[in-house]
Structures are given as structure tokens and as C-alpha cells.
Amino acid sequence: KTAVVLLTRDLRLHDNPALAAACAAERVVPLYVLDPKLADLSPNRTRFLHQSLADLRANLREIGGDLIVRTGDPIAETITVARETDATTITMAADVSGYAVRRERRLKEESERHRIALELHPGLTVVEPGTIRPGGGGDGYKVFTPYYRAWSAKSWRAEAPMPARITLPSGLAAGRLPATPDGESPHTCEGGESAARRRLATWLGQGIGGYGDAHDDMPGDATSRLSPYLRWGCLSPLALAEAGKARDADAFVRQLCWRDFYYQVARVYPKLSTEALRPAADQNWRQDDAALQHWQDGLTGVPVVDAGMRQLRDEGWMHNRARLITAAFLTKHLGIDWRSGVSWFFRWLLDGDVPNNSGNWQWTAGTGNDSRPYRRFNPIRQALRFDPDGVYVRRYVPELKGIDGAAVHQPWRLPASERRSLHYPGPLESHRDEAVWLRD
Ligand code: FAD
């Protein structure tokens, strides 16, 4: 018998339930369909995807298999490959975004028409979205803490075995993997399971122990930076959570629960990127294209905001604390619609995905799952607390390199003559209540 495993965001051999299930058949077709509809969303992510596919192909070849690559409509291509190889089963990882759910539904209809079984497997999260339901009814949790409690108490599935050998059906063309395209950011990390496992080994060996104390230290850069690998499934979130648990790294494991939390939110609210979870809080956004542009370019004149925005462009990644500061600045100080932030981040982030990007934006904007939606972030106070010597700012804003220590966070306080020589803008005038946040 032959099984096709349609790989999507689970680009790995380790703990891949859909792949392991397909390997119960004698012959296995690991398939990836390049979907032109997704191709232009983000050059950074496209590059990371291509690196991940090349790595997966090399790893599959080592165990006798290959990555079969097709381009086109994922449903049509998958059914064609399944029919060409007389496959009786198609396996894949269940996903939650609106696009993914429509894809699953269409694939189910088409596979039924051709009498091929479609099996959906877990693998994109630690706990499958929808398997923990709140007491008292409701489809999903809206608040994190009770979800975290239930999530921590749940017994997780066992890790899926890694295939030792793969036998492909004969005569199947592997398909060309196009050359890796350029991204937009010069300093991105490299995609693929091999790179992910190297980063993981370093993290488990050196980083994870200090995470609880250091994860908000912006210049210390002491978070795992594993998010792009989780986004593409180059790493198993379950295996990572198990590794964290085994090391008593509760603060780290808790962050993986945030990721799961937003997946289960997105499952219930597939329009998370466009529709507010709390519509009453979703009003009175200002249209201010000039201010939006300054924010995007990292030229707001508020150094910590500009540093974050420039890190995003430079690395296709941003420190979580900087994401919070820049997102709160856009929505709560400039008063600009969170959807503009969602799309800008989505263009650049290697880890950009609908549940986490939109879920976190809504949280920050106060339209989402925050239990204190009116909280404000004073960017200066945040900067002084999480970048006390200004090291993070000077790393990303070279115009300010010459200003020592914490003074770098408030260049408007420098003598006028010094300010003029900086070639750095004064803080934006256009937003609501600068008097409030510029005060100490
Ligand atoms: P670590 O601190 O090492 O955490 C480990 C893992 O936990 C992360 O890789 C991530 O998978 C998960 N995690 C950590 N914090 C969060 C969180 N707040 N929400 C959900 N999962 C979390 N994360 C994304 O993966 N994709 C996004 O598109 C995304 N957009 C965001 C947008 C905004 C406005 C904000 C405030 C946060 C966003 N995050 C997003 C969450 C978080 O900033 C990143 O996951 C984190 O910075 C990734 O770095 P890391 O791997 O070093 O994280």
C-alpha cells in the first residue's frame, strides 16, 4: 500500500505524527505543494520556507526517500500524485487558519470522490486546538490563565517515532525545487530542521536555564529565537515543551502555552486578523499615513520604538518586549488601527502567522484577550527598565551611537546643539497625548 503525506507547516522528520502515520504503509510519498497563492506574502518567509524544503529533501534522501515537490493548487496536485501512485491514504497535520481549514475541507471532498482516505493528525501545537474546552460551555478559552492551568494539567500525546527508512513508489518524478529566492532582510536565521536542531542544542545547553530571569532583557537577547522554526514546524512544539518541562523551565514552557492559546483562539475565530474579538473596543482609529510610515521606517523619534522596528527589518524577527512596545506605540499612542500593524509585521516576520501575530496584536491593542485591555505602555519607562544602559537602542539606531548610557532613550533632552548634529528626528508631533508619555 502507498500513503501520501502532504507536508505543510510540519517540515521535519522528528516527532511528525502525519509522517509517522504515513510510514505505516509500505510506500510513502512525502509531498510539498508550492502554492502560488501564498508565494508573495513575505519574501523573508518564502526564503526561509525554501531553505527548509531543501533541508527536508536532503534529510529524506538520507533515509532512502525524497521530498516530492509540485507547484499549483494543493488539492489538485495532491490528488494527482495520490492517483499516480495508487495511494489509498493521504495524511496531513490539522491546521486552524481560515485558509488552512478551507484547504482541508476541499481536500476531504476531493479525496472522498476518489475513494482515498484523508487522515488529519496533530503536530502543529503542543496540545491540539479544541481538545481543551472551558467548563460551562463555549468552544475555546478567551482568557489565558485558565487555559494555561488546564493545558498544564493535561497529559500530552507521546512523541511520534522518526522514520528509519522510507520507500518511495517507483517512477515518481521528484520535481524541481526552485532556487532559494532572496528575502528582504539581510540578517535572517537559516531555515530547516538541521539549523533548528543546532539552535535547539545551543538553547538547551546554554540558554534555557536563565530564561526566567533574562527573557525581558532586550540587549541580552536571552530568548530562544526558535519561533521561526516553530512557525514552519522545523521543530516539534511538543518535543520542545517536553524538553523544557524536563529542565523545570516553567517560564519557557508557559510561553509555548501562549502559542497554543492563540491557535485555539484562531480555531474559534478564523477572522482573527481582520475582526476584533471585542468589537466595542475597535473604534476611533486615526488615519495618519505619515505617522504610520514613520513607525514602519523606524523614524518616530522615540529611540526604543525605532530600534525595534529596525530590528524587524534587519533580522525578520523582533524581541518580544520590543514587539509589545512598538505595537502599543502604534495603537495606543498614535491611535492607528492594529490591522495596519498586523500587515506590516506579517510582511517581515519569519515567524509571522495568523494566530500569533493577530492574537498578540489584538491583545496589545485592547481588542482581544487581554484581561486588562486599557493598560498602557509608556515606551520611555519600558526602555529604561528593559534596556537600562541603552545598548539595544545603540545596536539598531546607529545615529544615536554617540550617546552614552540611558540618555540615548530621550535625545530630546540633550542640549540643542548636540541634538542638531544627530540626524535623528524629534518625536512625532502628530499623535494624541505625547505630553503624558514624554513626562517622566
Ligand atoms: P521565546 O521567548 O524563546 O519563547 C519560546 C516560544 O514561545 C516562542 O518561540 C513562541 O513560539 C512562543 N511564544 C513566546 N511568546 C509568545 C506570545 N506572546 N504569544 C505566542 N507565542 C509566544 N509570535 C509568533 O510566533 N508569530 C508571530 O507572528 C508573532 N507576532 C507577534 C506580534 C506582537 C504584536 C507581539 C507582541 C508578539 C508576537 N509574537 C509572535 C509573540 C512573541 O513575540 C514571539 O513568539 C517571540 O518573540 C519569539 O521569540 P523567541 O522564539 O525567542 O521566544
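Residues numbered from 1 in each chain as written. Predicted model: local features only at pLDDT ≥ 70, side-chain atom pairs only at ≥ 80, totals over all residues.

Before going further, it helps to examine the domain arrangement of the chain. Split by domain assignment, the chain resolves into domain 1 (2-124), domain 2 (125-156 + 194-268) and domain 3 (279-438). Computed over C-alpha atoms only, the centres of domain 2 and domain 3 are separated by 25 Å. Taken together, the contact between domain 2 and domain 3 spans 18 residues of the former and 18 residues of the latter. Secondary-structure elements contributing two or more residues to the side of domain 2 that touches domain 3 are α8 (227-231) and α10 (250-268). If one sorts the elements of the side of domain 2 that touches domain 3 by residue count, α10 sits on top with 5 residues. (Domains from an automatic or database assignment. Contact = placed C-beta atoms within 7 Å. Helix = DSSP H or I, 4+ residues; strand = E, 2+ residues; numbered from the N terminus.)

Turning next to unusual backbone geometry. For Asp15, which is not glycine, the phi dihedral falls at a positive 35 degrees. Inspection of the secondary structure puts Asp15 in the loop between β1 (2-6) and α1 (17-22). One non-glycine residue, His423, adopts positive backbone phi at about 55 degrees. Within the secondary structure, His423 is located in the loop between α18 (416-420) and α19 (434-438).

Right, let's talk about the sheet that holds β1 for a bit. The strand order β3-β2-β1-β4-β5 describes an open sheet built from 5 strands, whose pairing is parallel. Two strands lie at the open edges of the sheet, namely β3 (68-71) and β5 (117-121), each paired on one side alone. The sheet shows a mean angle of 25 degrees between the axes of neighbouring strands, taken without regard to direction. Across 5 bridges, the pairing between β1 and strand β2 (residues 27-34) is parallel. Its bridge partner lying in β2, Leu6 is registered against Leu31. (Pairing = 2+ DSSP bridges. Axes fitted to C-alpha atoms, helices over the stretch in contact; angles between N-to-C directions.)

On to helix α11 (residues 289-297). Ala291, His294 and Trp295 are the residues of α11 that are buried. The buried side chains of α11 occupy one side of the element, clustering within an arc of 100 degrees when seen end-on. Across α11 from its buried face, at more than 90 degrees, point the exposed residues Asp289, Ala290 and Gln293. Along its buried surface, α11 packs onto α12 (303-315) and α13 (320-333). With its phi angle positive at about 70 degrees, Gly298 sits one or two positions after the end of α11. (Buried ≥ 20, exposed ≤ 12 C-beta atoms within 10 Å, placed from the backbone. Arc of directions from axis to C-beta.)

With that settled, consider the site of the ligand. The environment of the ligand is formed by 27 residues, the closest being Thr223, Ser224, Ser227, Asn357 and Asn360. Broken down by secondary-structure element, the contributors of at least two residues to the shell around the ligand are α8, α10, α13 and α15 (354-365). Here the residues of the shell around the ligand are counted per class, giving 10 nonpolar, 11 polar and 6 charged. Looking at which domains feed residues into the shell around the ligand, each of domain 2 (125-156 + 194-268) and domain 3 (279-438) supplies at least three. (Near = placed C-beta within 6 Å. Nonpolar A, V, L, I, M, F, W, Y, C, P; charged D, E, K, R; others polar.)

This next bit is on the nonpolar core. Core analysis: the largest hydrophobic core is formed by 110 residues, its most contacted members being Val4, Val5, Ala22, Leu31, Leu235, Ala266 and Val393. Top contributing element to this core by residue count: α10, with 9 residues. (Core = buried A, V, L, I, M, F, W, Y, C linked by C-beta atoms within 7 Å.)

Turning our eyes to something else, we now look at the pairing of β1. Most of β1 is tucked away: 5 of the 5 residues are buried. Judged by which residues are buried, β1 turns out to be covered on both faces: Thr2, Val4 and Leu6 on one side and Ala3 and Val5 on the other are all buried. Handedness of the β-α-β unit built from β1, α1 and β2 comes out right-handed. Pairing geometry for β1 and strand β4 (residues 89-93), over 4 bridges, is parallel. (Right-handed = clockwise from strand over helix to strand, strands pointing away.)

Let us now look at the packing of helix α3 (residues 74-84) against helix α4 (residues 98-113). Relative orientation of the contacting elements α3 and α4 amounts to 35 degrees, with a least axis distance of 9 Å. Classified by chirality, the crossing of α4 by α3 is right-handed. Within the contact between the two elements, α3 uses Pro74, Ile75, Thr78 and Ile79 and α4 uses Arg103, Arg106, Leu107, Glu110 and Ser111. (Left-handed = near helix turned anticlockwise from the far one by under 90°.)

For Arg157, the location among the structural elements is in the loop between α5 (144-153) and α6 (193-207). Note on Arg157: 16 C-beta atoms within 10 Å, which makes it partly exposed. Residues contacting Arg157, with those up to four places away along its chain left out, are Pro122 and Leu238.

The subject of this paragraph is the UniProt feature "domain: Photolyase/cryptochrome alpha/beta" (unreviewed entry) in the chain. With numbering aligned to this structure, UniProt lists the feature "domain: Photolyase/cryptochrome alpha/beta" (unreviewed entry) at residues 1-126. The span residues 1-126 is 42% helix and 21% strand, and its two end C-alpha atoms sit 30 Å from each other. (UniProt positions renumbered as here; feature names shortened; annotations may be inferred.)

Next up on the list: the packing of α12 against α13. Orientation of α12 relative to α13, taken along the N-to-C sense of each, is 115 degrees, at an axis distance of 9 Å. Relative to α13, α12 is oriented roughly perpendicular. Relative to α13, the crossing made by α12 is left-handed. Along the contact surface, α12 presents Val304, Val305, Ala307, Gly308, Met309 and Gln311, while α13 presents Ala322, Arg323, Ile325, Thr326 and Phe329. (Parallel < 35°, antiparallel > 145°, perpendicular 65-115°, else oblique.)

Now for the environment of Phe261. Topologically, Phe261 is positioned in helix α10. Residue Phe261 is classed as buried on the basis of its 27 C-beta neighbours within 10 Å. With 98 residues separating them in the primary sequence, Phe261 and Gly359 have C-alpha atoms 9.2 Å apart. The residues touching Phe261, leaving out its near neighbours within four places in the chain, are Tyr141, Phe144 and Tyr147.

Each regular strand carries side chains that alternate between the two faces of the sheet. When you tally the buried positions in β2, you get 7 out of 8 residues, the bulk of the element. Bridge count for β2 against β3 is 4 bridges, and the pairing is parallel. Residue pairing for β3: Leu34 is matched across the bridge by Thr71. With helix α2 (residues 43-62) bridging β2 and its parallel neighbour β3, the resulting β-α-β unit is right-handed.

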